[in-house]
Amino acid sequence: MHALVYHGPGQRSWEQVPDPELQLDTDVIVGVDAVTICGTDLHILKGDVPEFEVGRILGHEAVGTVEEVGKAVRGVVPGDRVLVSCIAGCGTCRFCREGRYGQCTQGGGWALGHTMDGVQAEYARVPFGDLSTHALPQNVSSESAVLLADILPTSYEVGVLNGRVQPGDCVVIVGGGPIGLAAVLTAKLFSPGRIVVVDPAEPRRAAAKKLGADVVVDAQPDEVAEVVASLTRGLGADVVMEAVGLPEPFELCTRLVRPGGRIANIGVHGVPATLHLEELWIKDVTITTGLVDTSTTPTLLRLLADQQIDPSPLITHRFALDEMMHAYDVFASPEDTGAMKVILERGAGQTGEQS
Ligand SMILES: [Zn+2]
Ligand SMILES: [Zn+2]
């Protein structure tokens with residue numbers, strides 16, 4: 001089969017590799033129908049994720065068709081169309097029993113495209129197939145479902161639920177990339193009063209507006225603070241989400257929150273940020289961090305099947321699976337291409353066109 005293989009910082013290739021095989025009784029082999037590229041994959045390619053070994057296949061967000069199941073798998077059978085979650089769970093360790101699959105200690109957690117071969121390939125071995133896959137209703141398209149592999153549950157669990165968004169809240173989302181925009185969609189489930197999206201890029205601010213943000217603002221800290229103050233009678237935002245993963249946006253979040261408010265960090269950070277406790281100690285704020293557990297994926301799937309959420313506007317480009325190298329180029333240059341989420345589908349025509 002073909003797969004996208006990491007060959008050290010800055011080096012990737014779409015190349016011939018052996019087909020995956022069942023290794024454990026709990027494994028499932030899927031034929032990949034639709035797959036996407038994540039900002040995290042770009043971090044890996046830069047060499048920011050040292051545990052990612054040379055020769056490994058990238059990718060952790062896919063929809064596929066079950067080809068083969070291990071002896072212990074009960075929940076899916078060959079032929080089932082499934083969402084492959086970015087997080088796997090053994091189901092028996094302490095964290096899995098609390099629904100915190102992201103912290104699984106027995107080989108689950110973020111395994112695909114991280115500590116084992118990923119899904120940017122024609123076939124993939126999925127660990128703990130019963131918990132790591134979700135059967136898809138017929139009326140759900142593969143390209144919409146693939147957005148539930150990572151960005152929807154991440155924005156919902158780590159942003160909206162950790163930030164405890166309430167009806168009427170002023171919610172500020174710093175960062176208008178795919179995760180920030182998914183946070184707009186999932187925050188709306190709780191009828192906030194105002195959603196403010198902060199991003200320096202005009203196309204991203206426009207996309208945020210289209211997805212339901214009430215106010216969009218450039219990332220100049222003083223300007224943002226002024227806008228948030230004007231929306232909240234000077235108090236500050238009830239919930240602020242960091243969806244960038246850099247010190248400056250995080251520090252901006254701590255400046256924007258009201259006394260008693262919540263800061264939910266979603267961003268993947270590579271360098272230390274300053275926590276201004278000299279200002280925050282007196283403000284009763286709550287700061288949360290988290291890796292997604294994907295424990296809400298069944299809920300999000302029902303909302304998708306019932307057409308209560310529509311993540312499809314996040315998709316900007318569609319490619320055939322074997323256009324992987326080009327799709328990476330497009331995804332890695334959002335300033336030029338306007339790329340948000342790029343979808344690669346098995347059997348799709350050679351398009352590469354912006355939708
Ligand atoms: Zn991802
Ligand atoms: Zn576990």
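Here, the structure is the one placed above.
Residues numbered from 1 in each chain as written. Chains lettered and ligands numbered in written order. Predicted model: local features only at pLDDT ≥ 70, side-chain atom pairs only at ≥ 80, totals over all residues. Heavy atoms only, no water.

## Quick word on the overall build of the chain
Move 1: Helices and strands together make up the secondary structure of the chain, namely 13 helices and 15 strands.
Move 2: Computed over the C-alpha atoms, the radius of gyration of the chain is 20 Å, within 12% of the 20 Å expected from 2.2 N^0.38 for a compact globule of 355 residues.
Move 3: The principal-axis extent of the C-alpha atoms belonging to the chain is close to 60 × 45 × 40 Å.
Move 4: Looking at the chain as a whole, 54% of its 355 residues are labelled buried. (Helix = DSSP H or I, 4+ residues; strand = E, 2+ residues; numbered from the N terminus. Rg over C-alpha atoms; globule rule 2.2 N^0.38 Å. Buried < 20%, exposed > 50% of the residue type's maximum accessible area, 1.4 Å probe, protein only.)

## Some remarks on the coordination of the zinc ion (ligand 2)
Move 1: Every protein donor of the zinc ion (ligand 2) is accounted for by Cys90 (SG), Cys93 (SG), Cys96 (SG) and Cys104 (SG), and the metal-donor separations fall at 2.3 to 2.4 Å.
Move 2: Taken together, the four donor atoms coordinating the zinc ion (ligand 2) and their angles of 105 to 115 degrees define a geometry best described as tetrahedral.
Move 3: A relative accessible area of 7% places cysteine 93 in the buried class. (Donors = N, O, S within 2.8 Å, 3.2 Å for Na, K, Ca; no water. Tetrahedral: all angles 85-135°; square planar, octahedral: opposite > 155°, others 65-115°.)

## Brief notes about the coordination of the zinc ion (ligand 1)
Move 1: In this structure, Cys38 (SG), His60 (NE2), Glu61 (OE) and Asp150 (OD) serve as the protein donors to the zinc ion (ligand 1), at separations of 1.9 to 2.2 Å.
Move 2: Coordination at the zinc ion (ligand 1) is tetrahedral, judged from the four donor atoms that bind it and the angles of 96 to 129 degrees they form at the metal.
Move 3: Ordering the donors of the zinc ion (ligand 1) by residue number gives the pattern C-x21-H-E-x88-D. Of this pair, histidine 60 sits in the loop between α1 (39-46) and β4 (62-69) while aspartate 150 is found in the loop between α4 (142-145) and α5 (151-161), placing the two residues 90 residues apart along the sequence. The pair histidine 60 / aspartate 150 is uniform in exposure class, with both members buried.

## Brief notes about unusual backbone geometry
Move 1: One non-glycine residue, phenylalanine 128, lies in positive phi territory at about 50 degrees.
Move 2: Take phenylalanine 128: it is sitting in the loop between β6 (123-126) and α3 (129-132).

## Comments concerning helix α6 (residues 178-187)
Residues that lie three or four places apart on an α-helix share one face, since the helix turns once every 3.6 residues.
Move 1: Here α6 lies mainly inside the structure; nine of its ten residues are buried.
Move 2: Those residues of α6 that sit buried are Pro178, Gly180, Leu181, Ala182, Ala183, Val184, Leu185, Thr186 and Ala187.

## Details of the packing of aromatic side chains
Move 1: Under the counting rule described, the total for this entry stands at two aromatic pairs.
Move 2: Centre to centre, the rings of tyrosine 6 and phenylalanine 52 are 5.3 Å apart; their planes meet at 85 degrees, and the pair counts as edge-to-face. Taken as a pair, tyrosine 6 in strand β1 (residues 2-6) and phenylalanine 52 in the loop between α1 and β4 lie far apart in primary sequence, 46 residues in all.
Move 3: For tyrosine 6, a relative accessible area of 5% puts it in the buried group. (Phe/Tyr/Trp six-rings, centres within 6.5 Å; stacked < 30°, edge-to-face > 60°.)

## Re the pattern of salt bridges
Move 1: Taken as a whole, this structure holds twelve salt bridges when the rule is applied.
Move 2: Between arginine 100 and glutamate 98 there is a salt bridge, with its nearest N and O atoms 3.9 Å apart.
Move 3: Judged by relative accessible area, which is 38%, arginine 100 ranks as partly exposed.
Move 4: Here glutamate 143 and arginine 318 are joined by a salt bridge, their closest N and O atoms 2.8 Å apart. Here arginine 318 lies in strand β14 (residues 315-320) and glutamate 143 lies in helix α4, a separation of 175 residues in the sequence.
Move 5: The buried category is assigned to glutamate 143, whose relative accessible area is 15%.
Move 6: According to the relative accessible area criterion, arginine 318 is partly exposed, its value standing at 27%.
Move 7: Through salt bridges with shared partners, a single network forms among Arg94, Glu98 and Arg100. (Salt bridge = Lys/Arg side-chain N within 4 Å of Asp/Glu carboxyl O.)

## Focus: the sheet that holds strand β8 (residues 170-174)
Move 1: Across the sheet, which stays open at both edges, the six strands sit in the order β10-β9-β8-β11-β12-β13 with parallel pairing between neighbours. Looking along the sheet, the strands with just one partner apiece sit at the ends: β10 (215-217) and β13 (286-288). The average undirected angle you get between the axes of adjacent strands in this sheet is 15 degrees.
Move 2: Looking at chain direction, β8 and strand β11 (residues 237-242) are connected through four bridges and run parallel. The partner of valine 171 across the bridge, within β11, is valine 239. (Pairing = 2+ DSSP bridges. Axes fitted to C-alpha atoms, helices over the stretch in contact; angles between N-to-C directions.)

## Some details on the side chain of serine 142
Move 1: Take serine 142: it is sitting in helix α4.
Move 2: Here serine 142 falls in the buried class, since its relative accessible area comes to 12%.
Move 3: Setting aside residues up to four positions removed in sequence, serine 142 forms contacts with Ala34, Val63, Arg81 and Glu345. (Contact = heavy atoms within 4.5 Å.)

Honestly, it's all geometry; don't read function into it.
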